[in-house]
Structure formats: C-alpha cells, structure tokens
Amino acid sequence: MDTLRWQAGTLFLLDQTKLPFEEIYLPCHSWQDVRQAISVLAVRGAPAIGVAAAYAVVLAARSLCQKGGDTPFLTALEAICQDLDAARPTAVNLHWALTQMMACARQHEADGAEAVTAVLEEKAIAIHEADVAINTAMARFGADELEKLGRPLTLLTHCNAGALATAGVGTALGVIRELHRRGLVSMVYADETRPLLQGARLTAFELMADHIPVTLITDNMAAWTLKTKGVDAIIVGADRIAANGDTANKIGTYGLSLMARELAVPLYIAAPASTFDLSITDGSQIPIEERNHDEVRSFRGVAAALPETPVFNPAFDVTPHENIRAIVTEKGIIHRPDAVSVPAFFQH
Ligand SMILES: CSC[C@H]1O[C@H](OP(=O)(O)O)[C@H](O)[C@@H]1O
C-alpha cells in the first residue's frame, strides 16, 4: 500500500484514520489540506509526516505563484513552513523536511518563483524516494543485528513504525519484515497502543497483510507478555532522538523500557538519520505533543468516561538512552547510545 502518492500536482494520502476497515485516499490540493491531515493523523509517523510536509511546501509555492501579492515569495513561503511546523511538535522529521525545502528554495531564489516551485517539486520527490531507500537499508542493518540473537525471534513492538509511518517498508516493521524474509520471526506481539490504537489498527493490519505472525495485546498486557512469552527483543520507532540517544516515541515506550530493563529484554530503536536532533543535548528538551482530551475519554468514538472527566493526553514520552540497547539507522547501528557514541556516529 502507498502511504502517500504525488500524482499530477495533487498529494493523495491513505487516510489512516479510516484503516483498517476502509482504504480511502484523501486528495490534498492545498498545503492547508496537508496540514489538516497531519493534525488529525490521516497521515502520521515521523518520516511520513516529513514527506507529506515536503509536498505541502510544493502546493504552497504553486499557490503563491498563482495568487501573487505584495509579500515577497520566500517570505510568504517561510511563514507557511512555520505554520506547517507547528502541526505536530515532537516528530523532528517534519522540521527536517521543511528546513530542507526552504534551503532549496533559497538556493534558487534568483531564478524566480516559478522556477523555485519547479525545483521544490523535484526536491520533494527526492525526499520521498530517499525514504524508500533509507527504510530498505535500515531493515538490512537491523536484521543483521537482531539475527545475532540467534533462533527465530519472538518480538514485541509498540504503536506503528511500519510502511504506514514512512514511504517505504517501515522502520521497526521494516526490520521485522526483513527478519521474516530470512525466516527469523517466530511471533510479533503488537501493543494496541491507546488512545489512537495505531498498533491494533495499523501494525496488526500490516503484519497480517504480509503473513507475518502477529498477536495483538492491550498495552497493560506488555509486562506479562515480556515475562511469560519469551520475548527476545523489543523494537520500536522514534519521533525525535537527542544527541545523547534519549528517544521520544509513542506514549508507553518509556514504560516498556522500564519493563525491558527489569526483565533483561533488549530494546532497539529503528530510526533514520532525519529523526536525530543533535541540536538538543538530552531528552528533556524534546517538545511533547499533548492531544485532545476526548481521545482518552472515548474508544473509537464511543464515550468511555464522563465528558467532564479531567484528562492528561501526552502523545509521546522519552526513553532514556540507558534503557536502549542500540539504535538502528540507515547508516548502521549505534550500540549503547550516549552523549559520546551518538555524535561520533554522525561525524564519520
Ligand atoms: C517510523 S516513526 C513512527 C512513530 O510515529 C508514531 O507516532 P504517531 O502515530 O503519533 O505519528 C509513533 O511514535 C511511532 O513510533
């Protein structure tokens, strides 16, 4: 399935709020359409959000060319990028993609708005295609690393870090797909991942579609599953990784990391280089998105609590680097990530 398609100047997004029951592509004709889709998680997952935002910049540039106006083209485009950047604050890939697009626009400013728009479309397509290749490389490095654990593996994952979170085979699920291809997956336990159920709705859907053995569990079953089902490793995605390896990922990952330490189950993160934010020294500086309280007060739109019930709804948490066995990237593996190994990994 294509998470997103760029066809004749329109971005089509597989509407992930409708999965797994309906496969509907959402046409985005404007950057505002893309921003709305990102906000409501019609497109979600750090890399996929970045690719979608890159195309949103193309749609914005086209609109500015058509409308004209007194505001200088790049000034207006920068303002739109800032608006897009605010759509979801935790996944750094969004900011990374917008930064890439604006740098490209500035580089070609002298050629005029029409020419800049054309080169921005090429840049967005390049970012899209690069993500496919990045996923494939990450899958190989990750499978090579987990293969060292021997025997067909029992794995646990959280949320969705699959094809639906990227433009390729996925980050964590890309590794799982490659392990399965090598005959090295015995079972994957997938956390349902409340409140938006990315695990139940998306990860289980993806793995079943690829005939990879999967067992769905509720989030509060994870500890007992780790303890009684012989889980060999946990592998999840990421939304932002600080310079010391502290990692923001879907809410519930931090708790999983504490269970993993207690039960001596290695925790692996799979994330592309664009998920690293080396401008921040540790996880305390990662902005954590808080979402609408009704997401917690309901279950797939059915009320599960009184409407006035107070709620705390952080969409992510931060796992300290000490709890992470290794980070799998498209450039290789960062073992025992910390303030020394992470920057050093990117210096060569
Ligand atoms: C491959 S990054 C996927 C990452 O994004 C998810 O968050 P959301 O569904 O809110 O976009 C989750 O944190 C995944 O690990």
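Sequence order as written defines residue numbering, which begins from 1 separately in each chain. Where local features are concerned, this predicted model is filtered to residues with pLDDT of at least 70; where side-chain atom pairs are given and counted, the filter is 80 or more; whole-chain, interface and lining totals use all residues. Calculated side-chain values reflect all of the structure's heavy atoms, with hydrogen atoms and water omitted.

S.K.: Just to check I follow, could you spell out the pairing of strand E4 (residues 153-157) for this structure?
M.R.: Looking along a regular strand, one sees side chains alternate from face to face of the sheet. Accessibility here uses a 1.4 Å probe with only protein chains present; expressed as a share of the type maximum, an area under 20% marks a residue as buried, one over 50% as exposed, and anything in between as partly exposed. Strands here are runs of E lasting at least two residues and helices are runs of H or I lasting at least four, both read from the DSSP assignment and numbered beginning at the N terminus. In terms of burial, E4 is largely enclosed, as five of its five residues are buried. Across the two faces of E4 the burial is the same, with Leu153, Leu155 and Thr157 and Thr154 and Leu156 all buried. Paired strands, as defined in this entry, are two strands with at least two bridges between them according to DSSP. With five bridges joining them, E4 and strand E5 (residues 185-191) adopt parallel strand pairing. Bridge pairing links leucine 153 to valine 185 in E5. For crossovers, right-handed means that the path from the first strand over the helix to the second runs clockwise, given strands pointing away from the viewer. On the question of chirality, the crossover connecting E4 to the parallel E5 by way of helix H6 (residues 172-181) is right-handed.

S.K.: Which parts of the structure should I look at to understand the UniProt feature "binding site: substrate" (unreviewed entry) in the protein chain?
M.R.: UniProt positions are given in the numbering used here, feature names are shortened, and annotations may be inferred rather than shown by experiment. Per the UniProt record, the feature "binding site: substrate" (unreviewed entry) sits at Arg44, Gly45, Ala46, Arg88, Gln198, Asn249 and Lys250. Those annotated residues that line the largest cavity are Arg44, Gly45, Ala46, Arg88, Gln198, Asn249 and Lys250. In this structure, alanine 46 sits in helix H2 (residues 46-67). Inspection of the secondary structure assignment puts asparagine 249 in strand E9 (residues 247-250). A contact between two residues is defined here by any heavy atoms of the two lying within 4.5 Å. Contacts of asparagine 249, omitting those with residues within four sequence positions, involve Val236, Gly237, Ala238, Asp239, Ala315, Phe316 and Asp317. Among the polar contacts made by the side chain of asparagine 249, one reaches the main-chain amide nitrogen of alanine 238 at a distance of 3.3 Å. Here a cavity means grid points, on a 1 Å grid over the protein atoms only, where a 1.4 Å probe fits yet cannot get out; a pocket means an open set of points with protein on both sides within 12 Å along at least five of seven lines; lining residues are those with an atom within 4 Å of a point. Each polar contact in these results corresponds to two N or O atoms within 3.5 Å; when the atoms are within protein, one needs to be able to donate a hydrogen and the other to accept it, and residues that are neighboring in sequence are counted only if both atoms are side-chain atoms.

S.K.: Got a minute to help me understand the domain arrangement of the protein chain in this structure?
M.R.: Often, the extent of an interface is quoted as the loss of accessible area on bringing the components together. Domain start and stop positions are those given by an automatic or database domain assignment. We note that the domain assignment places domain 1 (4-132) and domain 2 (138-345) within the protein chain. Here the C-alpha centroids of domain 1 and domain 2 sit 26 Å apart. On the domain 2 side, the residues contacting the 25 residues of domain 1 number 30 residues. Using a 1.4 Å probe, buried area is obtained as the accessible area two parts lose upon being combined, added over both of them. Between domain 1 and domain 2, roughly 2,200 Å² of surface is buried when both sides are summed, and carbon and sulfur atoms account for 55% of that area. We define a salt bridge as a contact between a side-chain nitrogen of Lys or Arg and a carboxyl oxygen of Asp or Glu at a distance within 4 Å. The interface formed by domain 1 and domain 2 holds one salt bridge in total. Of the charged contacts in the structure, one is a salt bridge between arginine 88 and glutamate 289, with a shortest N-O distance of 2.9 Å. Run the count over domain 1 and domain 2 and you get 16 residue pairs in polar contact (both at pLDDT 80 or more). Residue polarity is assigned by list, with Asp, Glu, Lys and Arg as charged and Ala, Val, Leu, Ile, Met, Phe, Trp, Tyr, Cys and Pro as nonpolar; anything else, Gly included, falls into the polar class. Across the side of domain 1 that touches domain 2, the residue classes break down as 14 nonpolar, seven polar and four charged.

S.K.: Honestly, the layout of surface pockets in this entry has me stumped. Any pointers?
M.R.: Picture a little ball the size of a water molecule; that probe, rolled over the atoms, points out where space is still empty. Grid points are joined across faces, edges and corners, and a volume is the space filled by probe spheres set on the points. Quantified by volume, the largest pocket comes out at close to 310 Å³. Counting only elements with at least two residues in the lining of the largest pocket, the list comes to helix H7 (198-209), helix H10 (294-297) and strand E12 (298-299). Tallied by class, residues from the lining of the largest pocket come to six nonpolar, five polar and seven charged. Each of two domains, domain 1 (4-132) and domain 2 (138-345), supplies a minimum of three residues to the lining of the largest pocket.

S.K.: Is there a simple way to explain the side chain of glutamate 289 in this structure?
M.R.: Residue position: glutamate 289 is located in the loop between strand E11 (276-277) and H10. A relative accessible area of 6% places glutamate 289 in the buried class. Filtering out sequence-adjacent residues up to four positions away, glutamate 289 remains in contact with Arg88, Pro89, Thr90, Asn313, Pro314, Ala315 and Phe316.

S.K.: What exactly am I supposed to notice about the nonpolar core here?
M.R.: Nonpolar side chains in soluble globular proteins tend to end up buried together. Judged by nonpolar contacts, the single largest core of 44 residues is most densely connected at Leu11, Leu13, Val34, Val57, Leu77, Met101 and Leu120. Those elements giving two or more residues to this core turn out to be strand E1 (4-7), strand E2 (10-14), helix H1 (31-39), H2, helix H3 (73-85), helix H4 (92-107) and helix H5 (113-147). A total of 14 residues in this core trace back to one element, the largest contributor, which is H2. Leaving out residues up to four positions away in the same chain, leucine 13 has contacts with Thr3, Leu4, Ile24, Tyr25, Leu26, Cys28, Ala37, Val43 and Ala52. Listed in part, the 25 residues of the second largest apolar core include Val188, Ile235, Tyr268 and Ala326. Here, nonpolar core refers to any group of buried Ala, Val, Leu, Ile, Met, Phe, Trp, Tyr and Cys residues whose side-chain atoms link them within 4.5 Å.

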